[in-house]
Amino acid sequence: MPSRYATETARRRTFAIISHPDAGKTTVTEKLLLFGGAIQLAGTVKGRKAARHATSDWMELEKQRGISVTSSVMQFPYKDRIVNLLDTPGHQDFSEDTYRTLTAVDSALMVIDVAKGVEERTIKLMEVCRLRDTPIMTFINKLDREGREPIELLDEVEDVLKIQCAPVTWPIGMGKRFKGVYHLKRDVVHLFSPTHGGKIQQGETIQGLDNPRLDEVLGSQAEELREELELVMGASHQFDKDEYLAGRQTPVFFGSAINNFGIQELLDDFVEHAPPPQPRPTEIRKVSPEEETFSGFVFKIQANMDPQHRDRIAFLRICSGTFTKGMKLNHVRIQRDVRISDALTFLASDREHLEEAYPGDIIGLHNHGTIRIGDTFTQGEALAFTGIPNFAPELFRRAQLRDPLKMKQLHKGLQQLCEEGATQLFRPLTNNDLILGAVGILQFDVVAHRLKSEYNVDAAFETVSVQTARWVTCEDERKLEQFKDKAAANLAIDHGGDLVYIAPTRVNLQMAMEKWPEVTFSATREHGISQ
Ligand SMILES: Nc1nc2c(ncn2[C@@H]2O[C@H](COP(=O)(O)OP(=O)(O)OP(=O)(O)O)[C@@H](O)[C@H]2O)c(=O)[nH]1
């Protein structure tokens with residue numbers, strides 16, 4: 001008989017939902033939680049005018065703008081599995097967060113809007129998934145609206161995203177004529193029932209495509225469906241689990257998330273086919289989830305998630321071993337042992353104190369400023385998981401305080417918000433400026449908004465003459481000192497204490513690199529053991 005550890009590990013399914021903004025990612029998340037029994041009543045999904053908001057959205061700003069700007073983690077049991085669902089922000093200005101979230105999952109679910117098809121962000125996200133051959137399921141959403149022909153959409157996904165499509169469910173009509181979906185493998189028709197009032201409403205199911213009941217209910221659409229399916233089955237690929245697990249084929253589901261429709265089929269197939277926890281690379285070896293000593297890495301940090309507690313939480317993905325409450329872990333980068341007595345687990349929208357967790361699970365550690373994104377925790381072995389980088393920002397602004405008496409608060413706020421990784425703080429060596437770097441412009445609005453609401457600091461961000469930044473290192477201590485002396489006007493310290501070259505132009509950077517060949521200038525920063 002397999003051990004309890006093996007059984008618990010094998011039942012974990014950890015995945016992220018990704019999509020172009022507005023395709024319905026948050027709605028799908030919420031409906032998965034509803035079908036998973038994690039919530040009883042789905043909130044009317046946020047939107048600029050919506051009065052109630054999706055359970056997975058934490059931030060006020062998100063509600064105002066109607067987009068998801070932060071990813072959240074939710075765990076729920078379904079059938080005999082434990083599902084860990086990681087939501088991601090769709091907007092491109094938050095792509096770093098999405099990128100890092102994707103390092104912590106074993107598979108992904110891609111949501112596509114039936115009217116829009118493959119969009120710009122869908123392509124980018126697909127590229128990220130492909131870096132690790134992450135298996136992807138696809139949900140084509142909003143079938144209650146008029147959209148593109150399903151066959152045409154599958155062709156587009158195959159052409160543009162370069163991945164084979166295998167339809168698992170097939171829609172019966174769309175828009176006003178949308179009647180339901182047919183499950184190709186189970187040979188079952190699920191009929192669509194649009195009235196649900198936020199709760200699960202089961203429409204009728206009919207077994208068998210040749211069932212006369214289908215003609216009774218669908219009229220002429222029944223025959224249309226049979227003909228269409230004959231065509232589809234002849235022209236498209238059959239679901240092949242190995243191809244899916246290798247990241248070469250995506251099983252495709254159709255539905256309407258807002259109407260709770262098509263989600264159950266998706267969830268049932270997801271828990272059956274999606275991969276359990278996978279091995280993860282470190283600087284020296286791969287760590288298998290079968291290893292029973294604990295290891296995990298931090299892929300995300302979030303400040304003030306719970307406004308009442310004002311805490312900072314580091315999200316850690318367990319790669320191997322069992323986490324038990326009160327256990328002692330080695331924080332590898334700073335070579336320090338810490339006892340973790342109050343880790344958190346994320347049960348849908350509630351946080352609960354955790355007794356035990358297994359590979360694939362995400363746990364929340366309280367961060368008092370010592371934990372950084374990319375940090376590894378183990379039971380002693382000096383491992384460092386790889387592939388969780390910080391990217392050099394492309395946009396820079398100087399923080400301007402409206403009330404000079406709030407300087408201490410501003411420092412604290414910026415320091416804590418920058419730990420989250422979406423923005424980076426640079427303090428020049430030669431003046432007292434506070435320069436914020438980000439990959440997307442919306443980040444500055446988020447920081448200004450959060451400084452005000454979470455730290456009560458009124459700050460604005462003004463342009464500054466910095467165009468690009470590089471982390472600098474040099475093996476030769478003496479050379480480094482010379483460089484620090486000569487280039488001091490262009491050097492800064494980031495919030496993690498590392499040295500950064502901030503360049504007013506790309507030409508300036510180029511010249512500095514030529515002048516100091518012994519110095520390494522890096523566009524990404526990954527935390528190893530020795531840093
Ligand atoms: N007609 C229709 N609208 C839907 C459906 N699912 C979601 N929507 C709407 O589409 C809009 C976007 O949905 P969200 O779930 O917020 O999309 P998102 O992908 O999370 O967007 P971001 O938060 O910007 O990343 C909302 O107005 C939803 O009400 C659906 O099945 N049918």
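Residues numbered from 1 in each chain as written. Predicted model: local features only at pLDDT ≥ 70, side-chain atom pairs only at ≥ 80, totals over all residues. Heavy atoms only, no water.

Where an unreviewed UniProt entry is consulted, the chain appears under the name Peptide chain release factor 3, with the organism given as Ectothiorhodospira magna. UniProt, in its Function (unreviewed entry) section for the chain, records the words "Increases the formation of ribosomal termination complexes and stimulates activities of RF-1 and RF-2. It binds guanine nucleotides and has strong preference for UGA stop codons. It may interact directly with the ribosome. The stimulation of RF-1 and RF-2 is significantly reduced by GTP and GDP, but not by GMP." Turning to the chain, the UniProt annotation filed under Sequence similarities (unreviewed entry) states: "Belongs to the TRAFAC class translation factor GTPase superfamily. Classic translation factor GTPase family. PrfC subfamily." (UniProt positions renumbered as here; feature names shortened; annotations may be inferred.)

Asks: Please explain the environment of Asp 106 as it appears in this structure.
Replies: Examined against the element boundaries, Asp 106 turns out to sit in the loop between helix 4 (95–103) and strand 4 (107–113). In sequence terms Asp 106 and Pro 276 are 170 residues apart; their C-alpha atoms lie 7.0 Å from each other. In this view, Asp 106 contacts Thr 14, Thr 134, Pro 135, Pro 275, Pro 276, Pro 277, Gln 278, Arg 280 and Arg 317; residues no more than four positions away in its chain are not counted. A distance of 2.9 Å separates polar atoms of two side chains, one belonging to Asp 106 and the other to Arg 317. (Helix = DSSP H or I, 4+ residues; strand = E, 2+ residues; numbered from the N terminus. Contact = heavy atoms within 4.5 Å. Polar contact = N/O pair within 3.5 Å; in protein donor to acceptor, adjacent residues only side chain to side chain.)

Asks: Teacher, can you tell me more about a negative patch on the surface here?
Replies: A cluster of acidic residues, Glu 475, Asp 476, Glu 477 and Glu 518, forms a negative patch at the surface. Tracing the backbone shows Glu 475 in the loop between strand 29 (468–473) and helix 13 (477–486). Looking at Glu 475, the relative accessible area reads 82%, which means it is exposed. (Patch = residues over 30% accessible without salt bridge, like charges linked within 9 Å, V, L, I, M, F, W, Y side chains within 5 Å. Areas by Shrake-Rupley, 256 points an atom, 1.4 Å probe, with all protein chains shown as cover. Salt bridge = Lys/Arg side-chain N within 4 Å of Asp/Glu carboxyl O. Lys, Arg positive; Asp, Glu negative; His and termini not counted. Charge placed at Lys NZ, Arg CZ, Asp CG, Glu CD. Buried < 20%, exposed > 50% of the residue type's maximum accessible area, 1.4 Å probe, protein only.)

Asks: Mind showing me how you'd approach the environment of His 368 here?
Replies: Here His 368 shows up in the loop between strand 22 (362–366) and strand 23 (376–378). The exposure class assigned to His 368 is exposed, which follows from its relative accessible area of 67%. Residues His 368 and Asn 141 lie 227 residues apart in sequence; the distance between their C-alpha atoms is 41 Å.

Asks: Explain the pattern of salt bridges to me, please; I cannot follow it from the model alone.
Replies: As a working rule, side chains carrying opposite charge can pair if their charged atoms are close by. Enumeration over the complete set of coordinates arrives at 35 salt bridges. Residue Arg 4 is joined to Glu 356 by a salt bridge in which the shortest nitrogen-to-oxygen separation is 2.6 Å. On the criterion of sequence distance, the pair formed by Arg 4 in helix 1 (residues 4–10) and Glu 356 in strand 21 (residues 356–357) is long-range, its members being 352 residues apart. The exposure class assigned to Glu 356 is partly exposed, which follows from its relative accessible area of 34%. For Asp 106, the salt bridge goes to Arg 317, with nearest N and O atoms at 2.9 Å. A residue pair is termed long-range when its members are at least 10 positions apart, and Asp 106 in the loop between helix 4 and strand 4 and Arg 317 in strand 15 (residues 312–320) qualify at 211 residues.

Asks: Can you walk me through the sheet that holds strand 31 (residues 499–503) in this structure?
Replies: Two orientations exist for strands paired in a sheet by backbone hydrogen bonds: parallel and antiparallel. Spatial strand order, 28-25-27-26-30-31-29-32: eight strands in an open sheet with antiparallel pairing. The open sheet is flanked by strand 28 (459–463) and strand 32 (520–522), the only strands paired with a single partner. In this sheet, neighbouring strand axes are inclined to one another by 40° on average, regardless of whether the strands run parallel or antiparallel. With five bridges joining them, strand 25 (residues 395–401) and strand 28 adopt antiparallel strand pairing. Across the sheet, the residue bridging to Arg 397 is Thr 463, located in strand 28. (Pairing = 2+ DSSP bridges. Axes fitted to C-alpha atoms, helices over the stretch in contact; angles between N-to-C directions.)

Asks: Teacher, can you tell me more about the sheet that holds strand 10 (residues 205–207) here?
Replies: Across the sheet, four strands lie side by side as 7-8-9-10; this open sheet has antiparallel pairing. Two strands bound the open sheet, and with one partner strand each, they are strand 7 (169–172) and strand 10. Each strand axis lies, on average, 20° off the axis of its neighbour in the sheet, ignoring direction.

Asks: Can you walk me through the layout of surface pockets in this structure?
Replies: Over the atoms, a rolling probe the size of a water molecule traces out where space has been left empty. Quantified by volume, the second largest pocket comes out at close to 430 Å³. As for the second largest pocket, its lining consists of 21 residues, and the residues nearest its centre are Val 105, Arg 132, Gln 278, Pro 279 and Arg 280. Partitioning the lining of the second largest pocket into residue classes produces eleven nonpolar, five polar and five charged. The residues that make up the lining of the second largest pocket include at least three from each of domain 1 (17–67 + 108–274) and domain 2 (281–378). (1 Å grid on protein atoms, 1.4 Å probe; cavity = no way out; pocket = protein on both sides within 12 Å on 5 of 7 lines; lining within 4 Å. Points joined across faces, edges and corners; volume = space filled by probe spheres on them. Nonpolar A, V, L, I, M, F, W, Y, C, P; charged D, E, K, R; others polar. Domains from an automatic or database assignment.)

Asks: It is not clear to me how unusual backbone geometry should be interpreted in this structure. Could you clarify?
Replies: For residues other than glycine, phi is negative in most cases, and the peptide bonds are mostly trans. One non-glycine residue, Asn 260, lies in positive phi territory at about 60°. Relative to the helices and strands, Asn 260 is located in the loop between strand 11 (249–254) and helix 10 (263–273). Here Asn 260 falls in the buried class, since its relative accessible area comes to 5%. In this model, Asn 456 sits at a positive phi of 60°, which is unusual for a non-glycine residue. You can call Asn 456 partly exposed: its relative accessible area is 48%.

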